[in-house]
Amino acid sequence: MSTFIIEGGHKLSGSITPQGAKNEALQVICAVLLTKEEVTISNIPDIIDVNKLIFILGELGVKTKKVAKETYSFKADDLDLFYLESDKFKKDGSSLRGSIMIVGPLLARFGKGYIPRPGGDKIGRRRLDTHFEGFIKLGAKFRYNKDEKFYGVEADELKGTDMLLDEASVTGTANIVMAAVLAKGITTIYNAACEPYLQQLCKMLNKMGAKISGVGSNLLTIEGVEKLGGCKHRILPDMIEIGSWIGMAAMTKSSLTIKDVSWDDLGLIPRVFKKMGINLERKGDDIFIPEQKSYEVQSFIDGSILTISDAPWPGFTPDLLSIILVVATQAKGSVLIHQKMFESRLFFVDKLIDMGAKVILCDPHRATVIGMDHKSSLKGTTMTSPDIRAGISLLIAALSAKGTSTIHNIEQIDRGYQNIDERLKAIGARITRAD
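Rules used in this analysis
Residues numbered from 1 in each chain as written. Predicted model: local features only at pLDDT ≥ 70, side-chain atom pairs only at ≥ 80, totals over all residues. Heavy atoms only, no water. Pairing = 2+ DSSP bridges. Helix = DSSP H or I, 4+ residues; strand = E, 2+ residues; numbered from the N terminus. Contact = heavy atoms within 4.5 Å. Axes fitted to C-alpha atoms, helices over the stretch in contact; angles between N-to-C directions. Core = buried A, V, L, I, M, F, W, Y, C linked by side-chain atoms within 4.5 Å. Buried < 20%, exposed > 50% of the residue type's maximum accessible area, 1.4 Å probe, protein only.

Q: I'm lost on the sheet that holds strand 2 (residues 15–16) in this one. Help?
A: Strand-to-strand pairing in sheets goes through backbone hydrogen bonds, with the strands running parallel or antiparallel. The strand order 2-14-16-15 describes an open sheet built from 4 strands, whose pairing is mixed. Each edge of the open sheet carries a strand with a single partner, namely strand 2 and strand 15 (281–283). Relative to strand 16 (residues 286–289), strand 15 runs antiparallel, the two being bridged by 3 bridges. Bridge pairing links Glu281 to Phe288 in strand 16. Packed on one face of the sheet, helix 8 (residues 239–251) meets strand 2, strand 14 (256–258) and strand 16 and runs near 175 degrees to strand 14.

In C-alpha cells:
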C-alpha cells in the first residue's frame, strides 16, 4: 500500500491542465466494440481504471495501439467471445465498475453480453437494474448466476421500443444507447442522463453512423442502423479535476490557472464555487483563480444557511460535493452539504475533524460545516483514503494544513488522477510518494 507524505501550508502557483475525463473515457472506449473498423480516441487519461478497461478489451481480442501520448487506436474485428465466460474475465471484470458498459455494445453486435458483478469505489450501493431492465425492454433475455455473481443477457434480435428509465443513470443510459443503436426500429429513452460525457458518447456514435437525436436532453430518440464504422474522437477535460483544482487554490490561498477547461461544458460548477465566495475569472477557455486571503459563503435570499446538494445533470455533480465540503472548512460562514445520490460518501469527515475542522455529521447524507475563515489552520495528521473522491479531498486538506500529513492507500487516488504528485510538485506542492 503506497503513501503520500505532504508538507502543508505552502502556496501554489502557475498553471495546471486537467486530464481527459475518466467517466467519458470508460464510455467511449466500450463503444469501440460496436464496429469492426478502427476507432481512434485522444485525450485518454493514463489512470488505473481506464488502463484496466483497455487491458480487458485487449484480452477480449480488441487490437489496441498507443499511437501518441494519450491517444489510442482500437480495432474490434476479431474478438474472442469465449473470454467472456472464462474465470479470468470473472476476475478481471469484477475489479472495475466501468466494465459493465461492455455489455450493451456486445449485446447489440453479437447478441450476447456477460459481466461479473462489478466492483469499484466503496461509496455505497449502486444497482444495475436500470442497465438490464433496458436490455430486457429491447428484447434480451436476462440471467444471473447467484453463486458466481455473474450476469448475462442474450438476444437473437434487439427491437426498438419506448422506455422510461426509473433513474437517470449515466452508465445505464450509455449502456442502453449502445445497445439500441444497432436495434431494429426506433428506441426512445425518457429520463435519460444528459451529462456532457453522455452527450460526447452520443456525438461519437453519430460520427460512427448512428442516428441519435435529442442529445443534451433527457429524451433520446435512436433510429437503429445495420452497422457502424470507425471515427476519431477527443475526450473532454475532466470536470472533477477542474473542480478539485479550484478547491485546492482556495484552500491554499494560491493563484492558479486551470488550462483548457471546456468552460461551456462545466454547467453549474463555476457558479457553485462562486457561491462559496471563490473568485473565478474566465480567460478564453481557461479558469484563473486569483489569490484570496478569505472567501465568504453566500446565504440564501431569506438569510438562511446555504445548502449545496447533488442532483443528476444539469444539477451539481455528486463527485464534487466532497471538494465543496473541504473548501467550506476554511470559508467565512457555514454550509449544509446534502449528499442525496450516494451512500457513505460523507464518512471521511472524521479525518477532517481530526485535523481540526468544525464539521457536524447530521446523518449519513448531511453534514454542516462551520467555516474557520483561515483564522485557524487544519493540522497535519495520518489518514487513509477510502475512495477516489474522498482521497483527493483529504489531499487538498493536507496541502492547506499546518505540518505534515500522511495519506495511506493512495492507490484509490491513482485510480482517478494521473501522476498527481508530479503535477502538483510542478506548481509548488511539497508532496512525496512512499511505498
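Q: Got a minute to help me understand the nonpolar core in this structure?
A: Note that soluble globular proteins tend to have their nonpolar side chains buried in a common cluster. Formed by 153 residues in total, the largest nonpolar core has its most connected members in Ile102, Leu205, Met276 and Leu424. Excluding residues within four positions of it along the chain, Leu424 makes contact with Ile16, Trp245, Met248, Leu395, Leu399, Ala429 and Ile431.

Q: What is the right way to look at the sheet that holds strand 4 (residues 63–68) in this model?
A: Read from one edge of the open sheet, 4 strands run 4-5-3-13, paired in mixed fashion. Where the open sheet ends on each side, the last strands, each with one partner, are strand 4 and strand 13 (231–234). Ignoring which end each strand starts from, the neighbouring axes of this sheet average 20 degrees apart. Here 4 bridges tie strand 3 (residues 38–42) to strand 13, and the two strands are oriented parallel to one another. Looking across to strand 13, one finds that Val39 is bridged to Cys231. Of the strands in this sheet, strand 3 and strand 13 touch helix 7 (residues 196–207), which is tilted by about 160 degrees from strand 13.

Without other data, these values stay purely geometric and don't point to any function.
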